[in-house]
Amino acid sequence: MLLLIPGPVQTRPEVRAVMADDIAPWDDEFRAEYAAMRPRIVAIAGGTPGQHVALPLPGCGHMVVEAAVRTFVPAGGKLLVIQNGNYADRLVRLATEAGRVAIPLKGPDTEPMAPERLAAALEANPGATHVAVVVSETGSGIVNDPNALGEVIRAAGRRLICDAVSGFGALPFRMEDHPECDVVVFTSNKCIEGMPGIGFAVAAVPALEAAQGNAGSWLLDLSDVYRHALVNGWGSFRFTPAVQALRAFRVAMDLYEAEGGQPARLARYARNAEVLYDGLVALGFRPYLEKRHQGPIIVNVHQPADPAWGFKGFITAMKARGVLISNFWNTTTPTIRIACIGAIGEADIRFALDQMRIVLAEMGLGRQAAA
Ligand SMILES: *Cc1c(COP(=O)(O)O)cnc(C)c1O
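What you are looking at is a predicted structure, and each value in this text was computed from that prediction instead of being measured. (Residues numbered from 1 in each chain as written. Predicted model: local features only at pLDDT ≥ 70, side-chain atom pairs only at ≥ 80, totals over all residues. Heavy atoms only, no water.)

Each domain of the chain was delimited in the assignment, giving domain 1 (13-258) and domain 2 (261-370). Measuring from the centre of the C-alpha atoms in domain 1 to the corresponding centre in domain 2 gives 28 Å. Each side of the interface is counted separately: domain 1 has 27 residues, and domain 2 has 22 residues. Carbon and sulfur atoms make up 54% of the surface buried where domain 1 meets domain 2, a total of about 1900 Å² over both sides. A per-residue breakdown of the area domain 1 buries against domain 2 is headed by Ala170, Glu193 and Tyr256, which together make up 26% of the total. At the junction of domain 1 and domain 2, the tally comes to two salt bridges. In this structure, Glu193 engages Arg265 in a salt bridge whose closest nitrogen and oxygen atoms are separated by 3.6 Å. Where domain 1 touches domain 2, the interface holds 13 residue pairs in polar contact (both at pLDDT 80 or more). For the side of domain 1 that touches domain 2, the secondary structure elements donating two or more residues are helix H4 (86-97) and helix H9 (243-259). Looking at the side of domain 1 that touches domain 2, its residues break down into eleven nonpolar, ten polar and six charged. (Domains from an automatic or database assignment. Contact = heavy atoms within 4.5 Å. Buried area = accessible area lost by both parts, 1.4 Å probe. Salt bridge = Lys/Arg side-chain N within 4 Å of Asp/Glu carboxyl O. Polar contact = N/O pair within 3.5 Å; in protein donor to acceptor, adjacent residues only side chain to side chain. Helix = DSSP H or I, 4+ residues; strand = E, 2+ residues; numbered from the N terminus. Nonpolar A, V, L, I, M, F, W, Y, C, P; charged D, E, K, R; others polar.)

Now the structure itself:
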């Protein structure tokens, strides 16, 4: 099956193969293997050794997003959230339910947040100590530029929390260039192309040290994960991790580095997205985003208005032809969401477009009808 979904993504067989062994996380061999992974993760985040640390948390991405919010924003503290998409809506909800005050800076999910709007919002909200940014908005496919927004945050003397989950490893952002950034979070199963099961935070050490006691949760306290590593070693865990997924992540990092790291991965995904966007337009679909706002991670097109169209039937027929596409959407109007990430290339995208052409014809949707 070809997965064209934004996580868990298509993986390489070498990554899946290492999941087959029974191993124990506290075994000395695995501890060494795991300890050696952590500086490599910091390096992918563009962090500085000694100044930034990699902190894993078993579970899904939203857990580590909540952990980041709880750890760096004290209870009752104010967090400005750039809210221009469905994943930012989730961030507002989880921050609010964690007892933090989320101040939304709303924008349409069809364009990135303008740095000038953020600057004005920070001026109007002097009490907001932190800004949370969803970098690649997995709902619509826009990318909020953390480099430009980070500069604004730094100038305003505030701190940045980056939900980089869907773009980490592909989109350029180096923590060493962003002293305003407390933390970048991501997962094992998106652009690094590992298996699902682990959330990661790469965090700034001084911010972690200042954050002790903030979380109001032992499990979701990243400063406790850090302290545990200081006391017990960088190969240690607080609780049983998804150990096979961690080992698979190590193999995924090997492949990532061999491919050429961030620039190579971005180039492959950007090519996938370009071929997909143009191919969908050629099939008669209307894109959700203008091309200038289209990011390299997710492409959405509007669902056809034609009475012959059926979303479920389309997804099922594509699956029967070997292509798995999300059976839901996270935009304001009904769309088809197709991911460009994972261990896939241009040939896979072209294969998927060919299958779509056949399925649309079977549904009785001609080129015009699909628009
Ligand atoms: C995938 C993703 C998450 C985490 O999703 P989980 O299902 O909890 O792993 C969070 N934020 C963004 C932007 C994502 O793309």
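In terms of nonpolar packing, the biggest core is built from 51 residues, with Ile41, Leu80 and Leu118 touching the most fellow members. Considering every element that reaches this core, the biggest residue donor is H9, with ten residues. Dropping the residues within four chain positions of it, Ile41 is found in contact with Ala54, Phe168, Phe186, Phe200, Val202, Phe249 and Met253. With 36 residues, the next largest nonpolar core counts Val53, Leu79, Ala88 and Ile161 among its residues. (Core = buried A, V, L, I, M, F, W, Y, C linked by side-chain atoms within 4.5 Å. Buried < 20%, exposed > 50% of the residue type's maximum accessible area, 1.4 Å probe, protein only.)

Glancing now at the environment of Lys190. Tracing the chain through its elements places Lys190 in the loop between strand S7 (181-187) and strand S8 (198-204). Taking the relative accessible area as the measure of exposure, Lys190 reaches 11% and is therefore buried. Along the sequence, Lys190 and Gly7 sit 183 residues apart, while their C-alpha atoms lie 5.2 Å from each other.

Taken together, Cys60, Gly61, His62, Tyr87, Val134, Ser136, Thr138, Asp163, Val165, Ser166 and Lys190 make up the full set of residues near the ligand. Between Thr138 and the ligand, the recorded distance is 2.4 Å, taken from a side-chain N or O atom to an oxygen atom. A distance of 2.8 Å separates a nitrogen atom of the ligand from a polar side-chain atom of Asp163. Coverage of the ligand by the protein chains reaches 85% of its 390 Å² of free accessible surface. According to the grid-proximity analysis, the pocket containing the ligand is the largest pocket. Classifying every residue of the shell around the ligand gives four nonpolar, five polar and two charged. (Near = heavy atom within 4 Å. Areas by Shrake-Rupley, 256 points an atom, 1.4 Å probe, with all protein chains shown as cover. 1 Å grid on protein atoms, 1.4 Å probe; cavity = no way out; pocket = protein on both sides within 12 Å on 5 of 7 lines; lining within 4 Å. Sits in = over half its atoms within 2 Å of the grid points.)

Moving on: the layout of surface pockets. Approximately 450 Å³ is the volume attributed to the largest pocket. What lines the largest pocket is a set of 31 residues, among which Pro6, Gly7, Pro8, Tyr87 and Lys190 lie closest to the centre. For the lining of the largest pocket, the secondary-structure elements that each account for two or more residues are helix H3 (61-72), H4 and helix H11 (311-320). Taken together, domain 1 (13-258) and domain 2 (261-370) each give at least three residues to the lining of the largest pocket, which thus spans both. Every residue lining the second largest pocket is counted, 21 residues in all, and those nearest its centre are Ile44, Gly169, Leu171, Phe173 and Gln262. Listing elements by their share of the lining of the second largest pocket, those giving two or more residues are helix H2 (28-44) and H9. With three residues, H2 is the largest single contributor of residues to the lining of the second largest pocket. Considering only residue class, the lining of the second largest pocket consists of 14 nonpolar, four polar and three charged. (Points joined across faces, edges and corners; volume = space filled by probe spheres on them.)

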